[in-house]
Amino acid sequence: MFKNVSREITPLTQNDCFTIFTREKQEFNFPLHNHEEMELNLILNAAGAKRIVGDHIDEITDVELVLVGPNLPHGWFTHNCKSDLITEVTIQFHKDLMDDRFLKRNQLNFIRNMIEAAKKGILFSRKTVEHIAPRILALNKQAGFDSILELFAIFNELSIARDYRTLSDSTFLHKQDNYNSRRIERVFEYMNANFSKQITLDEVSKIANMPSASFSRFIRKRTGSTFISSLNEIRLGHVSRMLIDTTHSVSEIAYKCGFNNMANFNRTFKNKKGCTPNEFRDNYSDNRVFV
């Protein structure tokens, strides 16, 4: 069921508190995926679409608000949706935006419980969505400290809603926890720090302290992706951010992010993102905010 989960490296950097994307679309075309960041996803006018969060699958109504925890596979798919004007607002933020020690304060008890429950994915009720959706839709019009305060206020409103429910099964989550490995973490840290350079399987195998053939099998077993696929996903994350955040040409961005063959880059980008780099830039350039 989850053999083809894509590992998304989001455009969010360590210097950002959160990012918000607002899109109007006619279909869902992003594959089942996961990422380190937490995600709050508001979807309007998409009745009949299919939602997958962890091992939970369901058909959604015309209003949808889901909070997804770190590394939890998730995705929305067109399925039986007939709408030609779907609105999707995605807020991504680091899982340590609210530090554990901060969350232990008595006044943050509800938010702490919500963040913990989000490891399984949280679906909020229609009543809650209708109450909070206007504030989420307006969030990208705010900036700076005010936007952080408003995001925290939204978290608070959601956390005290008594009618949210978790989606994925805890048994599934336990299996997902086994994905983590300090060796894998060290390799991913290295690839993130050196994505613009040539990186070989021999290099990362030495970091993992394993023979190349053994590490090749190890990373595929633990992540579901080959070494090359994992490296490309990291590079594409940086490409995505530069397409959104700079005016550099596509070819310049590709070379800066370690792709030395434009034909291979364009093919890899379209396979992963479902569109060309220019289409991606056009889609995100006017409706994203990084804070």
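None of these values were measured; they are calculated from a predicted model.

Rules of the game
- Residues numbered from 1 in each chain as written.
- Predicted model: local features only at pLDDT ≥ 70, side-chain atom pairs only at ≥ 80, totals over all residues.
- Heavy atoms only, no water.
- Helix = DSSP H or I, 4+ residues; strand = E, 2+ residues; numbered from the N terminus.
- Rg over C-alpha atoms; globule rule 2.2 N^0.38 Å.
- Buried < 20%, exposed > 50% of the residue type's maximum accessible area, 1.4 Å probe, protein only.
- Contact = heavy atoms within 4.5 Å.
- Areas by Shrake-Rupley, 256 points an atom, 1.4 Å probe, with all protein chains shown as cover.
- Lys, Arg positive; Asp, Glu negative; His and termini not counted.
- Charge placed at Lys NZ, Arg CZ, Asp CG, Glu CD.
- Core = buried A, V, L, I, M, F, W, Y, C linked by side-chain atoms within 4.5 Å.

Looking only at helices and strands, the protein has twelve helices and twelve strands in total. Computed over the C-alpha atoms, the radius of gyration of the protein is 19 Å, within 12% of the 19 Å expected from 2.2 N^0.38 for a compact globule of 291 residues. If one aligns the C-alpha atoms of the protein with their principal axes, the spans along those axes are about 55 × 40 × 40 Å. For the protein, with 291 residues in total, the buried portion stands at 51%. Residue pairs in contact within the protein that sit at least 24 positions apart in sequence constitute 75% of those at least 6 positions apart. Looking at the protein as shown, the accessible area adds up to about 14,600 Å², and 48% of this sits on carbon and sulfur atoms. Of the charged side chains in the protein, 39 are positive and 35 negative; the average position of the first set lies 7 Å away from that of the second.

Take the side chain of Thr-268 next. Within the secondary structure layout, Thr-268 lies in helix H11 (residues 262-273). Look past the residues within four positions of Thr-268 in its chain and what remains in contact with it is Asn-232 and Leu-236.

A separate point is the nonpolar core. Within the largest apolar cluster, 32 residues are counted, with the highest numbers of intra-cluster contacts made by Leu-65, Leu-67, Ile-91, Phe-124 and Ile-136. For this core, the element with the highest residue contribution is helix H4 (residues 144-159), accounting for five residues. Residue contacts for Phe-124: discarding those within four places in its chain leaves Leu-40, Leu-65, Leu-67, Met-114, Val-129, Leu-158 and Tyr-164. Among the nonpolar cores identified, the runner-up in size contains 31 residues, and Phe-188, Phe-218, Leu-243 and Phe-259 belong to it.

It is worth stressing that arrangement in space is one thing and function is another; only the former is reported here.
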